[in-house]
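What follows is the residue order along each chain.
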Amino acid sequence: MMRPGGTWQNWGRSASARPSRVEFPRTTEAVVRAIAAARAAKLRVKPVGAGHSFSAIAVAPDVLLDLTDLTGLVSVDRERNRVTLRAGTRLHQIPALLAPYGLAMENLGDIDRQSISGAVSTGTHGTGARFGGLATQIAGVRLVTASGELLTIDDSENSELLPAVALSLGALGVLVEVTVQCVPAFVLHALEQPEALSAVLGDLDDRVAAADHFEFYWFPHTDRAMTKTNTRLPESAPRHPLPPVGKWIDDTLVGNGLHQVACSVAKAIPATIPPINRLSVKLWGDREFTDASSRVFATSRGVRFREMEYALPVENARAAFDALRALVDEHGWRISFPVEVRFAAADDRWLSTAHGRPSAYIAVHRYWRDDPAEYFEAVEQVMLSFGGRPHWGKMHNLDAAILRERYPRFDDFVALRDRLDPDRVFQNAYLERVLGG
């Protein structure tokens, strides 16, 4: 978001920029013109969606292209259940666009404030051992390259490039349209409950394999976890949504209001964190409901935080999680935010964190007013030792030399970037670090 004085900040307040120019293109043609003007002036361009990345991936050094107005439905392919959306369309806007056609996105993460282009370009994912990240749902794109060419990539044109451009970090050009492979609308039966952490870890593999979508949160300094198990049902299945008052109490009053108070108290008095966490486990979750998929996948996040997340080979999930717990105890940190553990299927996207391997994701968070450096850096070393790959849109410290070793198609992606953007029109400091100069 733009602040007074021309400063852009991301949602987590972990990155900011003062671009020399801000443009709000409403059409593909406007994006082409903006890139041509920037190129002529030897300025670099960075498209920005909702600013929900915690890393500096969206920082615009010169020209910021805010895609807020490049939204909406372009077309629907009813035979193949595909829809084409303009790149700035926010995830939370998509269900209403799909509803008249009886369609839904196959899987979503737990935040829906992002733009569709930003979400797929950074590797956003949900949970579910049989489901890939959002980029795996992309069947085609239209991309404006550094030269101003409008490149179509789909089943019939340039199809060999789709695994690269569907998750491109914004390094290959500006996405103006994305075609999403949808599924018939469905509902989810949600079961959320606190459990003994030992029980969750004891049969973790079986839980992940048996559920359509399984994840759990561990509150540091406790022996409890909050589990979330979602089961897919036909759209015609009876719905039992949360009562409005109960949903408000759980999500707004407890999940955001009381959590905000707890984080503020914890920052002032760190010794209160363990008892606050024990109380949080008792207050959060423990509910069962059935509703439209998009209403179950996404939750409201009103408390600002910063996040780091690593993808691991799924067989390393338990060992990495145990090492993280030991690390917290060893350092005596007081951590007020829960650790989140999710799962995803292997995929073929060149820079996907799940490329070529079923993956487990371990995410750590800090309240945005707390310095996350010591905690995140130590956790990062643990995750690296278990074969971890960092989420592109979340905080990490790796560079191209390390990342190249972790992605089999890394050099292929860099070669494509060299071909489509030889002059680095779309470069910023983050991309220079993670892809090389």
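A short tour of the structure in this document, coming up. Since the structure is predicted, the reported quantities are computational estimates derived from the model, not experimental observations.

Here we look at the overall build of the protein chain
Then, number 1: Scanning the protein chain for helices and strands turns up 14 helices and 21 strands.
Then, number 2: Looking at the protein chain as a whole, 57% of its 437 residues are labelled buried.
Then, number 3: On the protein chain, roughly 17,200 Å² of surface is accessible, and the fraction owed to carbon and sulfur atoms is 52%.
Then, number 4: A distance of 5 Å separates the average location of the 49 positive side-chain charges in the protein chain from that of its 52 negative side-chain charges.

Quick word on the sheet that holds strand E6 (residues 63-66)
Then, number 1: Overall, parallel pairing links the 3 strands, which are arranged E4-E6-E5 in an open sheet. Edge positions in the open sheet fall to strand E4 (21-23) and strand E5 (45-48), since each of these has one partner strand only. Averaged over all pairs of adjacent strands, the angle between strand axes in this sheet comes to 20°, irrespective of strand direction.
Then, number 2: Taken together, the 4 bridges between E5 and E6 define a ladder with parallel strand orientation. The partner of Pro 47 across the bridge, within E6, is Leu 65.

Let's talk about the side chain of Glu 307
Then, number 1: Within the secondary structure, Glu 307 sits in strand E18 (residues 305-313).
Then, number 2: Of the polar contacts made by the side chain of Glu 307, one reaches the side chain of Lys 394; its length is 2.9 Å.

Description of the packing of aromatic side chains
Then, number 1: Here the structure, examined in full by the defined rule, presents 10 aromatic pairs.
Then, number 2: Their ring planes at 80° and their centres at 5.4 Å tell us that Phe 216 and Phe 321 sit as a pair that is edge-to-face. You can see Phe 216 sitting in strand E15 (residues 213-218) and its partner Phe 321 sitting in helix H10 (residues 317-331), a full 105 residues away along the chain.
Then, number 3: Judged by its relative accessible area of 1%, Phe 216 falls in the buried class.
Then, number 4: Its relative accessible area of 2% is what places Phe 321 among the buried residues.
Then, number 5: Judged by centre distance (5.5 Å) and plane angle (35°), the rings of Trp 392 and Tyr 407 are tilted. With Trp 392 in the loop between strand E21 (389-390) and helix H12 (400-404) and Tyr 407 in the loop between H12 and helix H13 (410-420), this pair connects stretches of sequence that are 15 residues apart. For the residue pair Trp 392 and Tyr 407, the accessibility class agrees, reading buried in each case.
Then, number 6: Each member of the aromatic cluster is reached from another via a ring pair, and the members are Trp 11, Phe 54, Phe 305 and Phe 337.

Quick word on the sheet that holds strand E10 (residues 138-144)
Then, number 1: The strand order across the open sheet built from 5 strands is E7-E8-E12-E10-E11, with neighbouring strands paired in antiparallel fashion. Each end of this open sheet is capped by a strand with a single partner; those strands are strand E7 (73-77) and strand E11 (150-153). Taken over all neighbouring pairs, the strand axes of this sheet differ in orientation by 15° on average, direction set aside.
Then, number 2: Both strand E8 (residues 82-86) and strand E12 (residues 174-181) contribute to a ladder of 5 bridges, which runs antiparallel. Opposite Leu 85, over in E12, you have Val 178 as the bridge partner.
Then, number 3: On top of the sheet, helix H1 (residues 28-40) reaches E10, E11 and E12; it is set at about 145° to E12, its chief contact.

Calculation rules
- Residues numbered from 1 in each chain as written.
- Predicted model: local features only at pLDDT ≥ 70, side-chain atom pairs only at ≥ 80, totals over all residues.
- Heavy atoms only, no water.
- Helix = DSSP H or I, 4+ residues; strand = E, 2+ residues; numbered from the N terminus.
- Buried < 20%, exposed > 50% of the residue type's maximum accessible area, 1.4 Å probe, protein only.
- Areas by Shrake-Rupley, 256 points an atom, 1.4 Å probe, with all protein chains shown as cover.
- Lys, Arg positive; Asp, Glu negative; His and termini not counted.
- Charge placed at Lys NZ, Arg CZ, Asp CG, Glu CD.
- Pairing = 2+ DSSP bridges.
- Axes fitted to C-alpha atoms, helices over the stretch in contact; angles between N-to-C directions.
- Polar contact = N/O pair within 3.5 Å; in protein donor to acceptor, adjacent residues only side chain to side chain.
- Phe/Tyr/Trp six-rings, centres within 6.5 Å; stacked < 30°, edge-to-face > 60°.
- Contact = heavy atoms within 4.5 Å.

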